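This is what each chain is made of:
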Amino acid sequence: MTLIPGDGIGPEVIAAAARVMEAAGGRFRWDVQKAGKAAFDECGTPIPDALIRSIRRNRVGFKGPLETQVGRVGYRSVNVALRKTFDLYANVRPIRTLPGVRSPFSGVDLIVVRENTEDVYSGIEHQIAPGVVESVKVITARASRRIARYAFELAGRERRRRVTSIHKANIMKLSDGLFLACARQVAKRHARIKYDELIVDNACMQLVLRPQEFDVLLLENLYGDIVSDLCAGLVGGLGLVPGANIGNRVAIFEAVHGTAPDIAGKGVANPLAAIFSGVMLLRHVGQPAAADRLERAALRLLAERRTRTRDLGGTATTAQVTERLEALLSR
Ligand code: NAI
């Protein structure tokens, strides 16, 4: 399995997650690889060939966040490059109310399914004239149908009742219109799952008013990126929300959060988002007993309310959370 510690808080939370995944009975041979800033500083490229070879060989990756500089400076996003290289077309982010976590809502249990390979993330941008820049949004029927199929099949597997497409087809009539047309076609083949649509701005308002009413959300890349963080905020923040990038051959698991430069290196990052991503990984690689054990221990730790990092209102360090989880796992 390819292990990418990543940048910022990445090495801290990935080390914690790897430890408790093993303590829960997960069996791996980790192949540790550098990417992003760590790789750039050492080998002059943020995506070394050794990393690509390792992921191709192992077909499963566990990854910390990678730094991408804002604006014109620096290299293009390594996350986007990895998703494109391995055609990791579905970004799946389960978001649910967790025990012992203070939040304005209870009973939230939704899954964000984000198209992961196109939209404005194609990175096609150019200056047309001084002061005028064009950024191209690419939406294809193939990718739209594929992500819609993924969302409905996931909904079926997870016994979900509803898929909601979130869009801005009132303005982007062709691109978002195509995305919706594909989703509608796929919906027709899944009569047992209710299908509906919401314009993205209205969806954001509904999500912060009545998040309990949502089930599976189907979104293009950019809306999915933004709405995932919004949804993370509904259940206690980025320190808790896991994710998976799924393709036909390769899958890479990672938390929704970024490198958190404001707290990197201080040993105070919440490792639970990485740990819940590890739970998803364990299920994906056919180790459900270890996954269940780890998930139960993490939920118990939260419910105890005594060992919590600062983002959850506590004072515990990453190491203390990890040690407490190990203690719960050894019972
Ligand atoms: P961020 O997610 O790194 O941080 C946002 C806020 O959430 C910060 O206040 C941070 O301290 C807090 N936070 C995030 N994770 C936390 C955790 N585990 N425990 C406690 N607090 C946590 O988002 P930001 O600041 O927008 O991005 C920073 C960098 O991360 C950028 O270079 C960005 O490109 C990169 N990034 C990488 C991602 C990836 O590799 N998948 C995803 C998102 C951002």
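Computed from a predicted model, the values in this text were never measured in an experiment.

About the criteria used
Residues numbered from 1 in each chain as written. Predicted model: local features only at pLDDT ≥ 70, side-chain atom pairs only at ≥ 80, totals over all residues. Heavy atoms only, no water. Near = heavy atom within 4 Å. Polar contact = N/O pair within 3.5 Å; in protein donor to acceptor, adjacent residues only side chain to side chain. Areas by Shrake-Rupley, 256 points an atom, 1.4 Å probe, with all protein chains shown as cover. Nonpolar A, V, L, I, M, F, W, Y, C, P; charged D, E, K, R; others polar. Helix = DSSP H or I, 4+ residues; strand = E, 2+ residues; numbered from the N terminus. Expected span 1.5 Å × (residues − 1). Buried < 20%, exposed > 50% of the residue type's maximum accessible area, 1.4 Å probe, protein only. Contact = heavy atoms within 4.5 Å. Salt bridge = Lys/Arg side-chain N within 4 Å of Asp/Glu carboxyl O.

> Residues and numbers for the site of the ligand, please.
Around the ligand, the surrounding shell holds 21 residues, and the nearest of these are Leu66, Asn79, Gly258, Ala260 and Asp262. Contacts to the ligand include Asn79, whose side-chain N or O atom sits 2.7 Å from an oxygen atom. With respect to the ligand, the side chain of His257 contributes an N or O atom lying 3.4 Å from a nitrogen atom. Within the complex, the protein chains bury 69% of what would otherwise be the 820 Å² of accessible surface of the ligand. Taken together, the residues of the shell around the ligand sort by class into 9 nonpolar, 7 polar and 5 charged.

> An account of helix H1 (residues 10–23) is requested, with residue identities and associated values reported.
The end-to-end C-alpha distance of H1, which contains 14 residues, comes to 20 Å, matching closely the 20 Å that a straight helix rising 1.5 Å per residue would cover. For H1, the complete set of buried residues consists of Gly10, Glu12, Val13, Ile14, Ala16, Ala17, Ala18, Val20 and Met21. Looking at the buried positions of H1, the neighbouring elements they touch are strand S1 (2–4), strand S3 (60–63), helix H9 (272–284), helix H10 (288–304) and helix H11 (318–329).

> Before we move on, can you summarise helix H4 (residues 78–85) with the specific residues and values?
Along H4, the residues classified as buried are Val78, Asn79, Val80, Leu82 and Arg83. In this fold, the buried residues of H4 make contact with helix H2 (36–43), helix H3 (49–58), S3, strand S4 (90–96), strand S5 (109–115) and strand S11 (244–246). With a side-chain oxygen lying 3.2 Å from the backbone nitrogen of Asn79, the N-terminal cap of H4 falls on Ser77. A positive phi of about 50° marks Asp87, the residue just after H4.

> So what's going on with the pattern of salt bridges? Which residues, and what values?
Applying the stated criterion across every chain, the model contains 22 salt bridges. Among the ionic pairs, Lys37 bridges to Asp41, the shortest N-O distance being 2.8 Å. Linking Lys37 with Asp41, this pair stays in helix H2, spanning 4 residues, or about one helical turn. Judged by its relative accessible area of 33%, Lys37 falls in the partly exposed class. In the salt-bridge network here, residues are joined through shared partners; they are Arg96, Arg283, Asp292 and Glu295.

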